[in-house]
Amino acid sequence: ERAREQSLNGLMDRYRTRWIERLHEREERIFDTQVMAGLQNGTAFFASTSLFAFGGALALLRAADDVIKIFADLPMGLDTSRAMWEIKVAGLAVIFVYAFFKFAWSYRLFNYAAILIGASPSHEPEKAPESERHSKALAAVITDAGRQFNRGQRAFFFALAYVGWFVSPIVLVLTTVAALAAMLHRQFRSPSHDAVKELVRSE
């Protein structure tokens, strides 16, 4: 739990909450709706991409014989049976389906958050208790949307690593380790993480 809080995603959760708190201090919320639109558009893009990738996996299943022949003619001579090829491609398709559901749910949650922003109470002292309750609910929805989006992106990373299995199990291990190392570096050692962590320390 402590490690997750110190990751870049965990640190950004703080600022999602901070954003919502500031939102309820403003009368004009045009900026907030623009931020939400950007988040929704990015999520929709990845959801569409995962569907295209799933379609590509199905195409590989339909053209299994031709693709296997092409692989066998490569310099490395990657020989595989039709059954094993179908298992590998089916696994890749499952990863993209998982990613799609994560991105689709994230997009839906951002829609819910946009509705909650529209329903936010006005900034008046007598409505402070209502604003506080609304802020907690809105922050929880937006944070959950961000986490679902992150899980979809991780699925993409592992899909790239999974492609290593088409070469050999050893390559699969190497690509999986490389994907994990890249994700851990971005979450705990990247310049972005250091910048946000320094900002948290300065508060």
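Residues numbered from 1 in each chain as written. Predicted model: local features only at pLDDT ≥ 70, side-chain atom pairs only at ≥ 80, totals over all residues. Heavy atoms only, no water.

## Digging into the packing of aromatic side chains
We describe a pair of aromatic rings using the distance from one ring centre to the other and the angle between the two ring planes.
Okay, step 1: The full count for this structure, using the stated rule, is 12 aromatic pairs.
Okay, step 2: Taking 5.3 Å as the distance between ring centres and 25° as the angle between the ring planes, the aromatic pair formed by F46 and F103 counts as stacked. Taken together, the residues F46 in helix α3 (residues 30-62) and F103 in helix α5 (residues 82-118) connect sequence positions 57 residues apart.
Okay, step 3: Where Y162 meets F166, the ring centres are 6.3 Å apart and the plane angle is 75°; that geometry is what we call edge-to-face. (Phe/Tyr/Trp six-rings, centres within 6.5 Å; stacked < 30°, edge-to-face > 60°. Helix = DSSP H or I, 4+ residues; strand = E, 2+ residues; numbered from the N terminus.)

## Focus: the layout of surface pockets
Okay, step 1: A volume near 840 Å³ is recorded for the largest pocket.
Okay, step 2: If you go around the largest pocket, you meet 31 residues; those closest to its centre are N9, G146, N150, R154 and Q187.
Okay, step 3: Every element with two or more residues in the lining of the largest pocket is listed here: α1 (2-6), α2 (8-23), α3, α6 (128-162) and α7 (169-188).
Okay, step 4: If one sorts the elements of the lining of the largest pocket by residue count, α6 sits on top with 10 residues.
Okay, step 5: Considering only residue class, the lining of the largest pocket consists of 14 nonpolar, 10 polar and seven charged. (1 Å grid on protein atoms, 1.4 Å probe; cavity = no way out; pocket = protein on both sides within 12 Å on 5 of 7 lines; lining within 4 Å. Points joined across faces, edges and corners; volume = space filled by probe spheres on them. Nonpolar A, V, L, I, M, F, W, Y, C, P; charged D, E, K, R; others polar.)

## A short note on the pattern of salt bridges
Okay, step 1: Per the counting criterion, the structure on display carries three salt bridges.
Okay, step 2: The residue D13 makes a salt bridge to R16 at a minimum N-O spacing of 2.5 Å. On the criterion of helical spacing, the pair formed by D13 and R16 is a turn pair, its members being three residues apart in helix α2.
Okay, step 3: The residue R147 makes a salt bridge to D13 at a minimum N-O spacing of 3.4 Å. With R147 in helix α6 and D13 in helix α2, this residue pair connects regions lying 134 residues apart in the sequence.
Okay, step 4: Judged by its relative accessible area of 34%, R147 is partly exposed.
Okay, step 5: According to the relative accessible area criterion, D13 is buried, its value standing at 14%.
Okay, step 6: Residues participating in the shared-partner salt-bridge network are D13, R16 and R147. (Salt bridge = Lys/Arg side-chain N within 4 Å of Asp/Glu carboxyl O. Buried < 20%, exposed > 50% of the residue type's maximum accessible area, 1.4 Å probe, protein only.)

## Some words on a nonpolar patch on the surface
Okay, step 1: A surface patch of nonpolar side chains, about 310 Å² in accessible area, is lined by W105, Y112 and I115.
Okay, step 2: Note that W105 resides in helix α5.
Okay, step 3: Relative accessible area serves as the criterion here: at 39%, W105 is assigned to the partly exposed category. (Patch = residues over 30% accessible without salt bridge, like charges linked within 9 Å, V, L, I, M, F, W, Y side chains within 5 Å. Areas by Shrake-Rupley, 256 points an atom, 1.4 Å probe, with all protein chains shown as cover.)

Everything listed here is a matter of geometry and, on its own, says nothing about what the molecule does.
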